[in-house]
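# Working through the structure, step by step
Below, each chain spelled out in residue letters.
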Amino acid sequence: MQNIEKITDLETYSVRHAVLRKGKPIETCQFEGDGLPSTYHFGYFLNNDLVGIISIFKNNNSIFAANNQYQIRGMAVLELHQNKGIGESLVKHCEVYCKKMQSDLIWFNARTAAVGFYEKSGYTTVGTAFEISDVGEHYLMVKSVRNE
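These numbers were taken from a predicted model, which means no experiment stands behind them.

The rules behind these values
Residues numbered from 1 in each chain as written. Predicted model: local features only at pLDDT ≥ 70, side-chain atom pairs only at ≥ 80, totals over all residues. Heavy atoms only, no water. Salt bridge = Lys/Arg side-chain N within 4 Å of Asp/Glu carboxyl O. Helix = DSSP H or I, 4+ residues; strand = E, 2+ residues; numbered from the N terminus. Buried < 20%, exposed > 50% of the residue type's maximum accessible area, 1.4 Å probe, protein only. Contact = heavy atoms within 4.5 Å. Phe/Tyr/Trp six-rings, centres within 6.5 Å; stacked < 30°, edge-to-face > 60°. Lys NZ or Arg CZ within 6 Å of the ring centre and 35° of its normal. Lys, Arg positive; Asp, Glu negative; His and termini not counted. Core = buried A, V, L, I, M, F, W, Y, C linked by side-chain atoms within 4.5 Å.

For the coordinates displayed, the defined rule picks out 4 salt bridges. The salt bridge partner of Lys 22 is Glu 79, with a shortest N-O separation of 3.9 Å. Of this pair, Lys 22 sits in the loop between α1 (9–20) and β2 (40–46) while Glu 79 sits in the loop between β4 (69–77) and α2 (86–100), placing them 57 residues apart in sequence. Both residues of the pair, Lys 22 and Glu 79, count as exposed. Among the charged side chains, a salt-bridge network with shared partners connects Lys 92, Glu 95 and Lys 143.

Next up on the list: the environment of Ser 55. By secondary structure assignment, the location of Ser 55 is in strand β3 (residues 49–58). When sequence neighbours within four positions are dropped, the list of residues in contact with Ser 55 reads Thr 12, Arg 16, Tyr 40, His 41, Gln 71, Ile 72 and Arg 73.

Once that is clear, we can look at the packing of aromatic side chains. Under the criterion given, the structure shown has 7 aromatic pairs. Taken together, the aromatic side chains of Tyr 40, Phe 42, Tyr 70 and Tyr 97 make up a single cluster linked through ring pairs. Across the ring face of Tyr 70, the terminal group of Lys 58 is positioned such that the distance to the ring centre comes to 5.4 Å. Sitting over the face of the ring of Phe 57, Arg 73 holds its NZ or CZ atom 5.7 Å from the ring centroid.

Further remarks concern the side chain of Asp 9. With respect to the secondary-structure elements, Asp 9 resides in helix α1. An unpaired buried charge is present at Asp 9: no salt bridge exists, and Arg 16, the closest side chain of opposite charge, is 6.5 Å distant. With residues near it in sequence (within four places) discarded, Asp 9 still touches Asp 34, Gly 35 and His 41.

Ile 54, Ile 56, Ile 72, Met 75, Phe 108, Tyr 118 and Tyr 123 are the most contacted members of the largest nonpolar core, which has 23 residues in total. Broken down by secondary-structure element, the contributors of at least two residues to this core are β2, β3, β4, α2, β5 (105–111) and α3 (115–119). Take this core: its biggest share by element is 6 residues, from α2. Apart from the residues lying within four places of it in its own chain, the contact partners of Met 75 are Leu 20, Ile 53, Ile 54, Gly 87, Leu 90, Val 91, Phe 117 and Tyr 118. Core analysis: the next-biggest nonpolar cluster, separate from the first, contains 7 residues, Ile 7, Phe 45, Leu 50 and Ile 53 among them.

In short, the description is geometric, and any link to function would need to be established separately.
Below is the structure:
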């Protein structure tokens, strides 16, 4: 059995740590804004086990003119469950949520290795690669969700 449910920021830590912050202190799994009422965290459960996570933050990037923007952060799927459509399901779930919230666009900083994954879902890169300290090379990516 599989499903996506709303979870708490603390529940994201086990997957964030295993995938995004491997070898780093667990405290690095806490993101600024995790606990805000406008931030939502979703978990993908397979047989009651949390195997994937995604967080969506109400956060405008000044590069974009749109007023109602959301930022995806901390999207991760446990290694054993990758390449099975779980990440795509989590991203689509956030897109549906953002449409309900009448969002204009979704943006995020994607690791270089994940750019192709997001491009398959209609996201495009903006600008050139940049470095996030202690994390690695990223690209700014965006997708309009208003007219879909």
